[in-house]
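Structure assessment
The residues making up each chain are set out below.
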Amino acid sequence: MEAFTFNPVELIVLSAAGVLFIIQLIYYLGLYNRIHLRNKAVRKEETHFTRELPPLSVIICARNEADNLRKVLPAILEQDYPQFEVIVINDASTDETEDVLGYMEEKYPHLYHSFTPDSARYISHKKLALTLGIKASKHDWLVFTETNCLPASNQWLKLMARNFTSQTQIVLGYSGYDRTKGWLHKRVAFDTFFQSLRYLGFALAGKPYMGIGRNMAYRKELFFKQKGYSKYLNLQRGEDDLFVNQMANNSNTRVETDFNATMRIQPVYRYKDWKEEKVSYVATSRFYRGAQRYLLGFETFSRLLFYVACITGIVFGILNFHWLAAGIALLLWLIRYIVQAVIINQTAKEMGGNRKYYFSLPVFDILQPMQSLNFKFCRFFRGKGDFMRR
């Protein structure tokens, strides 16, 4: 019977591990599994889509992206869609961007381009470029992407547009990385994938709080109702995440999760570029409205505490030769790992990640919050002016 007797320390540790285990299951089954459940509902035809395909405008901001434009623009311009235009704003590029756009305009009559004036000051150039593109657009529905993103298929616009119901004003799409060698790319790919599980999961739960400009759409009237980006013109970023945070709600936002509607992001080769992007998002995230960012912070905190509780339980059990205590702690970790691996791998497969997270999952599970903390420290010690308009 001594095997079933626990000392006070073991009771506290195992009880804490049990509570944290339940919290983690709630997040994985209730939030991170939303994309898979959405795909399952679509396959069963339980999701309503519109049959109308209204004309739309694709808007892209380009700055020294001549090489990417050569690869990306044909895939966008040759979409299987009845009526659309593509507007590219050349943001003071010094490479061959202007020549590439001029050549492609001759081949594709529905491609238009403009440029940001050299005299523009005291406003984020990207916000200015997008504003110019929006004002130049002919159609009410605006679709946004970036020059390092390639549509997974020629059905991208059709699949996004099937969500353009009369009540819908914002559509959020998925963007992710294909499998590529290299430790940095694996870190970036998992971080991006996990971020998608979070913000798309909340949107599918009826609590949208942000969006990413690689793959999203909204109505032009919504932009002017919001008075453009006027509320955060003092920030260098925020044209996507803060805009959605200000305007999205349960009734006006939909999510498209079909693989053929995803955007495949070009590989990242420099840590500096990824770090700058992440730190910039940290700088804008503190302005988010709603409790979602705090709920996600609580998930991260509970995850780390769960690891501490399980490791402590295993170590105490081994040191005290109390194998039952060690076994319970190990079993809790193992069950969570199985649930986590099933949800993450099936969602990654459905969204075209073409990567299995098994042995690497515990590593990324710990590394991801450490990376986030590092980016927050970088933001804290950087000058405030680094994230202001210029």
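Read on for an overview of the structure. Just so it is clear, the structure is predicted and the values come from calculations on it, not from any experiment.

Let us look at the overall build of the chain. When helices and strands are tallied, the chain shows 13 helices and ten strands. The C-alpha radius of gyration of the chain comes to 23 Å, within 12% of the 21 Å expected for a compact globule of 390 residues. A principal-axis box enclosing the C-alpha atoms of the chain has dimensions of 85 × 50 × 40 Å. Counting contacts in the chain only where the partners sit at least 6 residues apart, residues at least 24 apart contribute 83% of the total. Working note: accessible area of the chain is about 18,400 Å², and carbon and sulfur atoms make up 60% of it. Where the 50 positive side-chain charges of the chain centre and where its 35 negative ones centre are 6 Å apart.

Moving on, we get to helix α13 (residues 361-381). Along its 21 residues, α13 runs 30 Å from first to last C-alpha, staying within 8% of the 30 Å computed at 1.5 Å per residue. For α13, the principal kink sits at leucine 367 and spans about 25 degrees; a proline, proline 369, occurs within the next four residues. All buried positions along α13 are accounted for by Leu361, Phe364, Asp365, Gln368, Pro369, Gln371, Phe375, Cys378 and Arg379.

So, about the sheet that holds strand β2 (residues 84-90). Ordered in space as β3-β2-β1-β4-β8-β6-β9, the seven strands form an open sheet in which the pairing is mixed. Looking at strand neighbours, the two that pair on one side only are β3 (111-115) and β9 (253-256), the edges of this open sheet. Strand-to-strand twist of the sheet, defined as the mean angle between neighbouring strand axes without regard to direction, takes the value 20 degrees. The pairing of strand β6 (residues 170-173) with strand β8 (residues 216-219) spans three bridges and is antiparallel. The residue of β8 that forms the bridge with isoleucine 170 is tyrosine 218.

On inspection of all chains with the given rule, the structure shows 18 salt bridges. The partner of arginine 219 in a salt bridge is aspartate 140, with the nearest N and O atoms 2.9 Å apart. Of this pair, arginine 219 sits in strand β8 while aspartate 140 is found in the loop between α5 (125-136) and β4 (141-144), placing the two residues 79 residues apart along the sequence. By relative accessible area, which is 33% here, aspartate 140 ends up partly exposed. The residue aspartate 273 makes a salt bridge to arginine 270 at a minimum N-O spacing of 2.8 Å.

Next up on the list: the packing of aromatic side chains. Taken as a whole and judged by the stated rule, the model has 24 aromatic pairs. Relative to tyrosine 307, the ring of phenylalanine 306 lies with its centre 6.5 Å away and its plane at 80 degrees, an arrangement referred to as edge-to-face. Tyrosine 307 carries the same exposure label as phenylalanine 306, and that label is buried. Here the aromatic residues Tyr28, Tyr32, Trp183, Phe190, Phe193, Phe194, Tyr357 and Phe364 are joined through ring pairs into a cluster of three or more.

Together, Leu331, Leu334, Ile335, Ile338 and Val342 make up an exposed nonpolar region whose accessible area comes to about 400 Å². Mapped onto the elements, leucine 334 comes out in helix α12 (residues 323-350). A residue is classified by how much of its surface remains accessible, and leucine 334, at 37% relative accessible area, is partly exposed.

It is worth spelling out the sheet that holds strand β7 (residues 175-177) at this point. Pairing within the open sheet is mixed, and its three strands lie in the order β5-β10-β7. Lying at the two open borders of the sheet, with one neighbouring strand each, are β5 (149-151) and β7. On average, each strand axis in the sheet is inclined to that of its neighbour by 35 degrees, with strand direction left out of account. Pairing of β5 with strand β10 (residues 263-265) involves three bridges; the strand directions are antiparallel. Opposite cysteine 149, over in β10, you have isoleucine 265 as the bridge partner. Packed onto the sheet, helix α7 (residues 183-204) meets β7 and β10 and runs at close to 155 degrees relative to β7.

Within the secondary structure, asparagine 39 sits in helix α2 (residues 34-43). A polar contact is formed between the side chain of asparagine 39 and the side chain of threonine 257, at a distance of 2.6 Å. Leaving out residues up to four positions away in the same chain, asparagine 39 has contacts with Thr257, Asp258, Glu350 and Met351.

Reading the values: the criteria
Residues numbered from 1 in each chain as written. Predicted model: local features only at pLDDT ≥ 70, side-chain atom pairs only at ≥ 80, totals over all residues. Heavy atoms only, no water. Helix = DSSP H or I, 4+ residues; strand = E, 2+ residues; numbered from the N terminus. Rg over C-alpha atoms; globule rule 2.2 N^0.38 Å. Contact = heavy atoms within 4.5 Å. Areas by Shrake-Rupley, 256 points an atom, 1.4 Å probe, with all protein chains shown as cover. Lys, Arg positive; Asp, Glu negative; His and termini not counted. Charge placed at Lys NZ, Arg CZ, Asp CG, Glu CD. Expected span 1.5 Å × (residues − 1). Bend = angle between axes of the 7 residues up to and from the residue. Buried < 20%, exposed > 50% of the residue type's maximum accessible area, 1.4 Å probe, protein only. Pairing = 2+ DSSP bridges. Axes fitted to C-alpha atoms, helices over the stretch in contact; angles between N-to-C directions. Salt bridge = Lys/Arg side-chain N within 4 Å of Asp/Glu carboxyl O. Phe/Tyr/Trp six-rings, centres within 6.5 Å; stacked < 30°, edge-to-face > 60°. Patch = residues over 30% accessible without salt bridge, like charges linked within 9 Å, V, L, I, M, F, W, Y side chains within 5 Å. Polar contact = N/O pair within 3.5 Å; in protein donor to acceptor, adjacent residues only side chain to side chain.

Everything listed here is a matter of coordinates, which is why it stays silent on function.
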